[in-house]
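Each chain, written out:
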Amino acid sequence: MSERTIVVVGGTSGIGLELAKDCIARGDRVVITGRDQGRTDEIAASLGAGASGVALDISEPESIAGQLTSIGQVHGLVLAAIERDQNTVRDYSVERAIRLVTLKLVGYTETVHALLDRLEPTVDTGIVLFGGRAKDLPYPGSTTVSTINGGVSGLVNTLALELAPIRVNALHPGIIGDSPFWASKPAGVLEQYESRTPGGKLATMADVVDATQFLLRNRGVSAVNLYVDRGWAIT
Ligand SMILES: NC(=O)c1ccc[n+]([C@@H]2O[C@H](COP(=O)([O-])OP(=O)(O)OC[C@H]3O[C@@H](n4cnc5c(N)ncnc54)[C@H](OP(=O)(O)O)[C@@H]3O)[C@@H](O)[C@H]2O)c1
């Protein structure tokens, strides 16, 4: 086992969980977070001896630092948490919007802040923030999602400047067809997106995990907004 510890916020499901599995396979230690301690512990146990779980709700940023006290030195931090949301400007829920904006923009930033004393100040330390292509390519109900994913593009630049030599990058997935959220959509939904993707197939969780590992580990890459969408935007 390596001496590296990777923290995956939102590591109990979807892309975050696949990433945690990949880190374990590479020999890293992994700390995954989810909102419920019991459920997070169970999922961490299923990953093997190198994994542990921490309960964290980043839509309540004041609680974040206290929840992270058990974590030691950190060599990689991936912020992948999301609460699924449907909101349009014509039928706007201020409450839902504030919750999601807080989760992704304040919650991601406060998590970095809270772990700063444990993030080694070297170029080998990587932070990856998850945005999403909905920032440029909205879908029905993505008003808040598009807004916060656009916010991630700005956030990554200021964090990369302030925290250097630690490297900070953002990954913006397109529609990831085999992720739990999209795989559970009714028949016909994914086909609309596939038909607008060059090659006719959507990017996969494995594609996103591979790109995340590149951003985490490549010593030359910082302040990058990387798109993993199989070229969706050119159609
Ligand atoms: N899937 C896609 O196609 C896609 C496309 C574009 C962007 N993205 C971005 O990629 C990232 C991962 O997406 P995904 O689809 O893999 O997610 P997902 O399967 O929905 O998993 C979300 C994760 O976030 C955690 N979480 C939910 N609410 C939270 C909160 N308030 N505080 C802390 N953690 C919370 C969940 O943990 P518990 O439920 O255990 O609490 C879970 O681990 C997200 O940032 C998303 O915006 C995904």
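Data block above holds the structure.
We now turn to the structure provided with this report. Values in this document were obtained by computation on a predicted structure and should not be read as measured data.

## Observations regarding the layout of surface pockets
(1) Moving on: Space inside the largest pocket adds up to approximately 1100 Å³.
(2) Moving on: Around the largest pocket, the lining is made up of 49 residues, and of these Ala80, Ile82, Glu83, Arg84 and Phe181 lie nearest the centre.
(3) Moving on: If you list the elements that add at least two residues to the lining of the largest pocket, you get α1 (14-25), β2 (29-34), α2 (37-47), α4 (94-115), α5 (143-163), α6 (180-183) and α7 (189-195).
(4) Moving on: Considering only residue class, the lining of the largest pocket consists of 23 nonpolar, 16 polar and ten charged.

## A closer look at the site of the ligand
(1) Moving on: Taken together, 30 residues lie near the ligand, and Thr12, Ser13, Arg35, Arg39 and Arg84 sit nearest.
(2) Moving on: In this structure, a nitrogen atom belonging to the ligand sits 2.8 Å away from a side-chain N or O atom of Asp57.
(3) Moving on: Lys104 is positioned with one of its side-chain polar atoms (N or O) 2.9 Å from an oxygen atom of the ligand.
(4) Moving on: Among the detected pockets, the ligand sits in the largest pocket.
(5) Moving on: In terms of residues, the shell around the ligand owes the most to one element, α4, which gives three residues.
(6) Moving on: Across the shell around the ligand, the residue classes tally to 13 nonpolar, eleven polar and six charged.

## Structural notes on the pattern of salt bridges
(1) Moving on: Scanning the entire structure with this criterion turns up 13 salt bridges.
(2) Moving on: One salt bridge connects Asp28 with Arg217, and the closest N-O pair in it is separated by 2.6 Å. Here Asp28, found in the loop between α1 and β2, pairs with Arg217, found in helix α8 (residues 205-217); they are 189 residues apart in sequence, far enough to count as distant.
(3) Moving on: Arg217 gets classed as partly exposed once you look at its relative accessible area, which sits at 25%.
(4) Moving on: Between Asp136 and Lys135 there is a salt bridge whose closest N-O contact spans 3.1 Å.
(5) Moving on: A relative accessible area of 40% places Asp136 in the partly exposed class.

## Some remarks on α2
(1) Moving on: Along α2, the residues that are buried comprise Thr40, Ile43, Ala44 and Leu47. With its buried residues spanning 100° around the axis, α2 presents them on a single face. Of the residues in α2, the exposed ones pointing more than 90 degrees away from the buried face are Glu42, Ala45 and Ser46.
(2) Moving on: Residues of α2 that are buried in the fold lie against α1, β2 and β3 (51-55).
(3) Moving on: The distance from a side-chain oxygen at the start of α2 to the backbone nitrogen of Gly38 is 3.3 Å, and the residue carrying that oxygen is Asp36.
(4) Moving on: Following α2 by one or two positions, Gly48 adopts a phi angle in the positive range, close to 120°.

## A look at the pairing of strand β1 (residues 5-9)
(1) Moving on: With five of five residues buried, β1 lies mostly within the body of the structure.
(2) Moving on: By the alternation rule, side chains of β1 split into Thr5, Val7 and Val9 and Ile6 and Val8, which are all buried.
(3) Moving on: Two elements, β1 and β2, share five bridges in a ladder whose sense is parallel. Paired with Val9 across the two strands is Thr33, which belongs to β2.
(4) Moving on: A crossover links β1 with its parallel partner β2, the connecting element being α1, and its sense is right-handed.
(5) Moving on: Pairing of β1 with strand β4 (residues 76-79) involves four bridges; the strand directions are parallel. What sits directly across from Val9, in β4, is Leu79.

Rules and cut-offs
- In this numbering scheme, every chain counts its residues from 1 along its sequence in written order.
- Note on the predicted model: pLDDT of at least 70 is required for a residue's local features to be given, and 80 or more for side-chain atom pairs to be given and counted; whole-chain, interface and lining totals, by contrast, use all residues.
- With hydrogens and water set aside, each side-chain value is computed from the structure's full complement of heavy atoms.
- The method works on a 1 Å grid over the protein atoms by themselves. A cavity is a set of points holding a 1.4 Å probe that cannot get out, a pocket is an open set with protein on both sides within 12 Å along at least five of seven lines, and residues with an atom within 4 Å of a point line them.
- Grid points are joined across faces, edges and corners, and a volume is the space filled by probe spheres set on the points.
- In this text, helices come from DSSP runs of H or I with a minimum length of four residues, and strands from runs of E with a minimum of two, each type numbered from the N-terminal end.
- Here the nonpolar group is Ala, Val, Leu, Ile, Met, Phe, Trp, Tyr, Cys and Pro; Asp, Glu, Lys and Arg are the charged ones; every other residue, Gly included, is treated as polar.
- In this text, near means that some heavy atom of the residue lies within 4 Å of the molecule or strand in question.
- We call two N or O atoms a polar contact when they sit within 3.5 Å, provided that within protein one can donate a hydrogen and the other can accept it, with sequence-adjacent residues counted only if both atoms are side-chain atoms.
- The rule for placing a molecule in a cavity or pocket is simple: more than half of its atoms must lie within 2 Å of the grid points.
- What counts as a salt bridge is simple: a side-chain nitrogen of Lys or Arg found within 4 Å of a carboxyl oxygen of Asp or Glu.
- Buried residues are those whose accessible area, probed at 1.4 Å on protein chains only, stays under 20% of the maximum for their type, while exposed residues exceed 50% and partly exposed ones sit between those limits.
- What the arc measures is the spread of directions leading from the helix axis to the C-beta atoms.
- In this analysis, two residues are considered to be in contact whenever any of their non-hydrogen atoms come within 4.5 Å of each other.
- Any two strands are treated as partners once DSSP identifies two or more bridges connecting them.
- For a crossover, the right-handed case is the one in which the path from the first strand over the helix to the second runs clockwise, viewed with the strands pointing away from the viewer.

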